[in-house]
Amino acid sequence: MEWEVVIGLEIHAQLATRSKIFSGASTAYGAEPNTQACAVDLGLPGVLPVLNAEAVNMAIKFGLATGCTVAPRSVFARKNYFYPDLPKGYQISQYELPIVHGGEVLVELEDGSSKRVGLTRAHLEEDAGKSLHEGFEGVTGIDLNRAGTPLLEIVSEPDMRSAKEAVAYMRQIHSLVRYLGICDGNMQEGSFRCDANVSVRPKGQEEFGTRAELKNLNSFRFIERAINFEVERQIDVIESGGQVVQETRLYDADRNETRSMRTKEEANDYRYFPDPDLLPVEIVEADIERARAELPELPDAKRQRFMEQYALSDSDAGQLTASREVADYYEAVVEASAGEGKLAANWVIVELGGALNRSDLDIADSPVSAAQLGGMLKRIADNTISGKIAKDVFEAMWQGEGDADAIIEAKGLKQVTDTGAIEAMVDEAIAANPKQVEQYKAGKEKLLGFFVGQVMKASKGKANPAQVNELLKKRLSD
Amino acid sequence: MSLSNKEVENIAHLARLGVDAQDLDSYASNLSRILEFVEALGAVDTSDVEPLAHPIDMAQRLRPDAVTESDQRELFQRVAPSVEGGLYLVPRVIE
Amino acid sequence: MSVHDKTVAELSAGLAAGEYSSEELTRAFLQRIQGPGNELNAFVTLTEERALEAARAADRRRAASQAGPLTGVPMAHKDIFCTRDVRTSCGSRMLDNFISPYDAHVVEQLNAAGMVSLGKTNMDEFAMGSSNETSYYGPVKNPWDTQAVPGGSSGGSAAAVAARLVPASTGTDTGGSIRQPAALCGITGLKPTYGRVSRYGMIAFASSLDQAGPMARTAEDCALLLEAMAGFDQRDSTCVDQPVPRYSDALNQDLAGVKIGLPKEYFGEGLDAEVARVVDAAIEEYRKLGAEFREISLQNTALAVPAYYVIAPAECSSNLSRFDGVRFGYRCENPQDLEDLYKRSRGEGFGAEVKRRILVGTYALSAGYFDAYYLKAQKVRRLIRDDFLAAFNEVDLILGPTSPTVAFNLGERADDPVSMYLSDVYTIAVNLAGLPGISHPAGFAHGRPVGVQLIGTHFDEARLLNAAHRYQQVTDWHTRAPEAFA
């Protein structure tokens, strides 16, 4: 039988606010345990939540960027369950009336086609704390610094049909929230993570199969693997006559398998009801307009602009706008190079991209700054160095040897454009290789390359190749 | 509405509330009596009525995004039953 | 007249005139609490040293001419209000060891006014009860008759004021917990409009119903206290940002032409005949003061108690989840695992009535029952509020008995939760609608005090206090003291 995979994702994006969603404690990552957990975050008796305006603003921005409807009235509800990292015994979330709902994103797939993925809703909620098991005998330590960090839970429609589509969708949302500046997207620190609802059905069947919810997916690689594992598992279960059980499964990256979570979710009845400590959130047109005015240029618009403004191909523009960091870097390079859009695109995508890849670095951690790279491109454009020499200059900058100008100066890489000097080297090359001259004159014109090589070698690569070409042609035809 | 002891046990589990076995009968009968009493609500037609969660019609006030709290761990953990290295300790959680 | 017989207003005047210092007053009242007051069990914690320190600070403040009307006047807080560095037990074993790291907003406000807190008063556990019998620290006794309950949940606060152990106290009212014990102990107690007083630092029972208010002997004292307690607090999202009127300036307005509604549902079945006669006499007094009466109907009155006993337990079941033995409060011995930690800490830390309400609330919110119980109750809640709002289109105030009976005997209703719940039949609807209500003494029935309740529209505390004050100008029920505590 042929099976169709059905996937929906619930993405949790930590909002990049300074303070928590319901308290004035800091959200900074990495503090000593429980030093950023105030009375509200700890759920001490008598303390009350007050909603952070910026969390609301960020949710509105996300809604606007994805064509969602921003609810004029949304309600916070309590999700009740007991767990040590959940101090109040309930999580403040949104249930029946989320802050935004009903949008969509267009996801670009590997084959260049694009796919529409519907967004059911996105709602605000508070994060839980962390349980630490290491270093204790028979006990678990609870750190509540993360408790109360604002989350935007982004719920997709079950529109994805493969693990690859799911990853592409998640990358798209990842890029978007970082574009919007509402989430730092740091997956290692848990700022961006997701649960996947996965089911299979016989191809052509209308109704969905029973789904399993996969938890703990905190890297793009894991999602793809976890979903693929889960799909195989479900097909195996069905094909060997069994039934898929609706349950929550935990992905174990070390073993590359998913397994049933027995304890935490057992008999869950969350008893949602409106939080009586919080009033309905009312969002008026002016709030939406304010958020709209703060919206940055979004990926699609930026891509179009790059194509027009810098005369880039669709593919180059797409690569350069895939993340806001790369796009910003690229534009800074263009500016520093005094407008070398095309050249900058090549260098950012090919040379810098390759170097970053080899060193497994993000563009934010690039040893070569945009200003440095732009400065070097300027020297290519004004013929101070050739593209070939530029690679050496780039390598030197990568090693931290300074700016392009300093390196060119220090290493004497300046291109030779003095016609007299080049003429001398050309004459020398011709004189030293009479046999080749004869062959060339007899019609073997591809030997020109040989002569160019000889001259470049003699100049230690610094002769201007265009000039060398021109002079050689002239002399050889004499 | 009459609750069985088994139902009381289930609710008590949801609420993580230890109830002694010998008290189950009395909880079951008291809870049944209370539920019977509140069933009077069923008599009134509320088909066109919106639920009322707050007595005052007000919208949520928003707080500016500013860090106003400083570290008070030492003060807060003075009332904690079990802490070590700044962490609250609980019996081992198995995931 | 000894100082313990004086009202807050009188003590304020005496302090201003230099007749006594705050320290002298504080010592005098502490002696009352430890002496004749001891048998009432009205206090769970006495903070003698802190009180004397605060009194001396108040005296210095007065010497520096920076005293306000309440500076140096002793009082007591219901043990539901968090008090920094002082045990805040909420009447529960669960918090028997809880030293609060912060003050409630109400506590901050009264501290700022210079009032001197003598300690924390006994109460029904987590404010769940109408008789003070659910307290972990044992029941409070009614100073009028120590066989009788003082009412609840603010029973310790009411008994302490009635027995002249303090001139004033704070209380909280979720379904009648200020007004019913005020009535049963023969004092004046005001539940303000929901949102008038910040709930920050007040341990939550049912968040959409809870409201703090003053308990004292007179309406005038309640006005003075409310002026200090109320005020905007950005830490409570449900607290309104509206200026606090000078209630004490509006006390003497004429009642001529004030229209008072008498809900026929408040005078029917269940109302003790002698209590009814006392209420009738009070109506006659108000009439003499110029008020005009008319019968009104609050037709969903009978549904108020059932709706309340879904909504309040539902909210409490969730509010009390934070008491889990992890970060503060009671923790069972040697928990075997996490579930054991939760179940035994909560099972041993909470008393029977609290557990009953958590179970009822958990049930009402659980899958399959939510619509029939919780949602239904919230709809009925709107009907009840709308009844009041419609009535206030016709009348300025609503008057009735505070409680259907006088104080009952200790143990009398302890076995039947529902009969206990019905003792709040006239007060509960006011919380569901978020309205202000005041109970003031109006006489005696069966030898025990009777209270009359006035209900106003939202934020109309001034009119309630004005009416009750005028009544107290022409009657002396509020000046009567229990013989043993005169």
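Residues numbered from 1 in each chain as written. Chains lettered and ligands numbered in written order. Predicted model: local features only at pLDDT ≥ 70, side-chain atom pairs only at ≥ 80, totals over all residues. Heavy atoms only, no water.

1. Quick notes on the environment of Leu118(C)
All names here are of chain C. Along the chain, Leu118 turns up in strand β3 (residues 116-121). Distance in space between the C-alpha atoms of Leu118 and Pro74 is 6.6 Å, their sequence separation being 44 residues. Ignoring sequence-local partners within four residues, the contact set of Leu118 consists of Thr26, Phe29, Leu30, Ile33, Leu46, Thr47, Glu48, Ala51, Pro74, Met75, Leu165 and Val166. (Helix = DSSP H or I, 4+ residues; strand = E, 2+ residues; numbered from the N terminus. Contact = heavy atoms within 4.5 Å.)

2. Some words on the side chain of Asn142(C)
Residue and element names in this part refer to chain C. Position of Asn142 among the secondary structure elements: in the loop between β3 and α5 (155-162). The exposure class of Asn142 is buried, given its relative accessible area of 1%. Separated by 2.9 Å, the side chain of Asn142 and the backbone oxygen of Leu184 make a polar contact. Every residue in contact with Asn142, bar those within four places of it in the chain, is listed here: Leu40, Ala148, Val149, Pro150, Leu184, Cys185 and Ala407. (Buried < 20%, exposed > 50% of the residue type's maximum accessible area, 1.4 Å probe, protein only. Polar contact = N/O pair within 3.5 Å; in protein donor to acceptor, adjacent residues only side chain to side chain.)

3. Some words on the interface of chain B and chain C
One frequently used descriptor of interface size is the decrease in accessible area upon assembly of the parts. Chain B puts 49 residues into the contact, and the matching count from chain C is 70 residues. There are 2 salt bridges connecting chain B and chain C. A salt bridge links Arg385(C) to Asp57(B); its shortest N-O distance comes to 3.4 Å. Across the chain B-chain C interface, the total number found is 18 residue pairs in polar contact (both at pLDDT 80 or more). Residue assignment for the side of chain B that touches chain C shows that the elements contributing at least two residues are α1 (5-14), α2 (24-38), α3 (73-77) and β3 (87-91) of chain B. Here the element with the most residues in the side of chain B that touches chain C is α2(B); it accounts for 8 residues. Residues that form the side of chain B that touches chain C fall into these classes: 34 nonpolar, 8 polar and 7 charged. (Salt bridge = Lys/Arg side-chain N within 4 Å of Asp/Glu carboxyl O. Nonpolar A, V, L, I, M, F, W, Y, C, P; charged D, E, K, R; others polar.)

4. Observations concerning the pairing of strand β11 (residues 448-456) of chain C
Residue and element names in this part refer to chain C. Along β11, 9 of the 9 residues are buried, which leaves the element largely enclosed by surrounding structure. Here strand β9 (residues 397-401) pairs with β11 via 5 bridges, running antiparallel. The partner of Gly400 across the bridge, within β11, is Gln453. Two strands pair when backbone bridges link them, and strand β10 (residues 437-445) and β11 are joined in this way by 8 bridges, in the antiparallel orientation. Note on β11: the bridge partner recorded for Gly443 is Val450. Linking β10 back to β11 in an antiparallel pair, the connection comprises 2 residues, with His446 at a positive phi of about 50 degrees. (Pairing = 2+ DSSP bridges.)

5. What to know about the sheet that holds strand β6 (residues 90-94) of chain A
Residues and elements named next belong to chain A. With antiparallel pairing, 3 strands are arranged side by side in an open sheet as β6-β5-β16. Looking at strand neighbours, the two that pair on one side only are β6 and β16 (273-274), the edges of this open sheet. Across 2 bridges, the pairing between strand β5 (residues 76-80) and β16 is antiparallel. Within β16, the position partnered with Ala77 by the bridge is Pro274.

6. Here we look at helix α15 (residues 461-474) of chain C
Residues and elements named next belong to chain C. The end-to-end C-alpha separation of α15 is 20 Å, in line with the 20 Å expected for 14 residues at 1.5 Å each. The set of residues buried in α15 consists of Glu461, Leu464, Leu465, Asn466, Ala467, Ala468, His469, Tyr471 and Gln472. On its buried face, α15 sits against β5 (188-191), α7 (219-229), α8 (273-288), β9, β10 and β11. (Expected span 1.5 Å × (residues − 1).)

7. Overview of the packing of aromatic side chains
All chains considered together, the criterion is met by 30 aromatic pairs over all chains. Plain terms: the ring middles of Tyr310(A) and Tyr330(A) are 5.3 Å apart, the flat faces sit at 85 degrees to each other, and that makes the pair edge-to-face. Of this pair, Tyr310(A) sits in helix α6 (residues 299-310) while Tyr330(A) is found in helix α8 (residues 324-336), placing the two residues 20 residues apart along the sequence. For the pair Tyr310(A) and Tyr330(A), one class covers both residues: buried. Above the face of the Phe408(C) ring, Arg413(C) is positioned so that its terminal group lies 4.1 Å from the ring centre. (Phe/Tyr/Trp six-rings, centres within 6.5 Å; stacked < 30°, edge-to-face > 60°. Lys NZ or Arg CZ within 6 Å of the ring centre and 35° of its normal.)

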